[in-house]
Amino acid sequence: MASIADNLLTVRQRIGAACVAAGRAPSSVRLLAVSKTYGAQEVLAAHSAGQCAFGENYIQEGIEKITALSPQVFTPPLFPALDWHCIGPIQSNKTKGVAQHFDWVQSLDRLKIAQRLNEQRPPHLPPLQVCIQVNVDGGANKSGVEPQHALELALALQELPALKLRGLMCIPEPADFAQTLEVMGQAKVLFDQLNAYSHNGKSLGLDTLSMGMTADLEAAIQAGSTMVRVGTAIFGKR
Ligand SMILES: *Cc1c(COP(=O)(O)O)cnc(C)c1O
């Protein structure tokens with residue numbers, strides 16, 4: 001069986017090859033290792049292989065791992081430090097734990113949740129880095145704002161000092177390469193539109209377009225993704 005270190009190498013090679021195919025610099029795509037359902041041991045194995053950014057879907061499970069591996073609990077402290085991204089749905093009663101423990105929230109799609117995160121972010125921590133989740137392909141039961149409401153939410157987030165808007169995240173329905181490329185291309189157009197918007201000389205300055213998973217990272221990179229979120233290809237089947 002391939003180790004987590006082997007798998008990471010393979011995933012980085014896939015990212016590199018996709019960047020070359022798209023005429024992009026390999027350093028223009030970051031890798032988020034999605035460790036949901038796996039434990040602190042697997043996160044440590046990935047960290048030993050040079051991976052620092054991890055994504056969690058389930059808040060409670062994520063907080064347990066974050067705490068177990070935090071400098072307050074885990075010695076000697078991990079270096080470089082871990083960077084934790086919340087990529088799952090957030091209910092109102094879970095915002096406090098997210099604000100206290102995570103570095104990023106990629107699954108933001110409601111102002112009310114953003115306002116709670118802003119109030120509950122401890123003052124000694126840097127701003128919570130956030131992405132707006134966009135429902136690009138219009139899946140009926142899916143999280144994410146509709147594309148036409150993304151700018152409105154982005155502007156509202158500018159008023160919340162404990163949050164720093166970094167970009168957009170999307171999770172298209174599984175589809176073939178061409179369809180995935182088209183949907184992700186729409187996300188890229190929206191991303192560029194938001195970045196072209198300016199008010200009183202101030203623009204949003206977004207640097208993160210988070211899209212692409214194990215099955216579709218090549219299409220995502222071709223469409224302009226700057227961060228792929230990969231679980232299965234690194235840690236194995238869930
Ligand atoms: C689980 C998950 C991933 C990783 O999916 P894989 O197919 O295992 O790579 C990425 N993003 C989100 C939002 C997820 O829930």
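Everything that follows concerns the structure shown earlier in this document.
Residues numbered from 1 in each chain as written. Predicted model: local features only at pLDDT ≥ 70, side-chain atom pairs only at ≥ 80, totals over all residues. Heavy atoms only, no water.

> When you look at the pairing of strand β6 (residues 163-169) in this model, what are you seeing that I'm missing?
Looking along a regular strand, one sees the side chains alternate between the two faces of the sheet. A large share of β6 lies buried, amounting to six of its seven residues. Pairing geometry for strand β5 (residues 128-133) and β6, over six bridges, is parallel. Residue pairing for β6: Cys131 is matched across the bridge by Gly167. Between β5 and its parallel partner β6, the chain crosses via helix α6 (residues 150-157), and the hand of that crossover is right-handed. Here three bridges tie β6 to strand β9 (residues 208-210), and the two strands are oriented parallel to one another. Its bridge partner lying in β9, Gly167 is registered against Thr208. (Buried < 20%, exposed > 50% of the residue type's maximum accessible area, 1.4 Å probe, protein only. Helix = DSSP H or I, 4+ residues; strand = E, 2+ residues; numbered from the N terminus. Pairing = 2+ DSSP bridges. Right-handed = clockwise from strand over helix to strand, strands pointing away.)

> Looking at this structure, how should I read helix α3 (residues 59-68)?
Side chains three or four residues apart in an α-helix point the same way, a direct result of the helix having 3.6 residues per turn. Every buried residue of α3 is listed here: Ile59, Gly62, Ile63, Lys65 and Ile66. For α3, the angular spread of the buried residues around the axis is 165°, confining them to a single face. On the buried face of α3, the contacting elements are α2 (40-48), β2 (53-56), β3 (83-86) and α4 (95-101). (Arc of directions from axis to C-beta. Contact = heavy atoms within 4.5 Å.)

> Please clarify how the packing of aromatic side chains should be interpreted in this entry.
Two aromatic rings, taken as a pair, are described by how far apart their centres are and by the angle between their planes. Within this structure, the stated rule accounts for two aromatic pairs. Considering the side-chain rings of Tyr38 and Phe235, the 5.5 Å spacing of their centres and the 25° angle between planes classify their relative orientation as stacked. Of the two residues, Tyr38 sits in the loop between β1 (30-34) and α2 while Phe235 sits in helix α9 (residues 232-235), which places them 197 residues apart along the sequence. In terms of burial, Tyr38 and Phe235 fall into one category: buried. Ring centres of Phe54 and Trp84 lie 5.6 Å apart, and the angle between their planes is 40°; this geometry places the pair in the tilted category. In this pair, Phe54 sits in strand β2 while Trp84 sits in strand β3, placing the two residues 30 residues apart along the sequence. Residue Phe54 is classed as buried on the basis of its relative accessible area of 0%. (Phe/Tyr/Trp six-rings, centres within 6.5 Å; stacked < 30°, edge-to-face > 60°.)

> Would you explain the environment of Leu117 in this entry?
Within the element layout of this structure, Leu117 appears in helix α5 (residues 111-120). A relative accessible area of 0% places Leu117 in the buried class. Sequence-wise, Leu117 and Leu160 are 43 residues apart; in three dimensions their C-alpha atoms are separated by 9.3 Å. Leu117 has contacts with Thr95, Val98, Ala99, Val105, Leu108, Leu128 and Leu163, leaving out every residue within four places of it along the chain.

> Explain the site of the ligand to me, please; I cannot follow it from the model alone.
Taken together, the neighbourhood of the ligand is formed by Val34, Lys36, Asn57, Ile87, Ile171, Met213, Thr214, Arg229, Val230, Gly231, Thr232 and Arg238. Between the ligand and Arg229, the relevant distance is 2.9 Å, taken from a nitrogen atom to a side-chain nitrogen or oxygen of the residue. Contact distances for the ligand include 2.8 Å between an oxygen atom and a backbone N or O atom of Gly231. (Near = heavy atom within 4 Å. Polar contact = N/O pair within 3.5 Å; in protein donor to acceptor, adjacent residues only side chain to side chain.)

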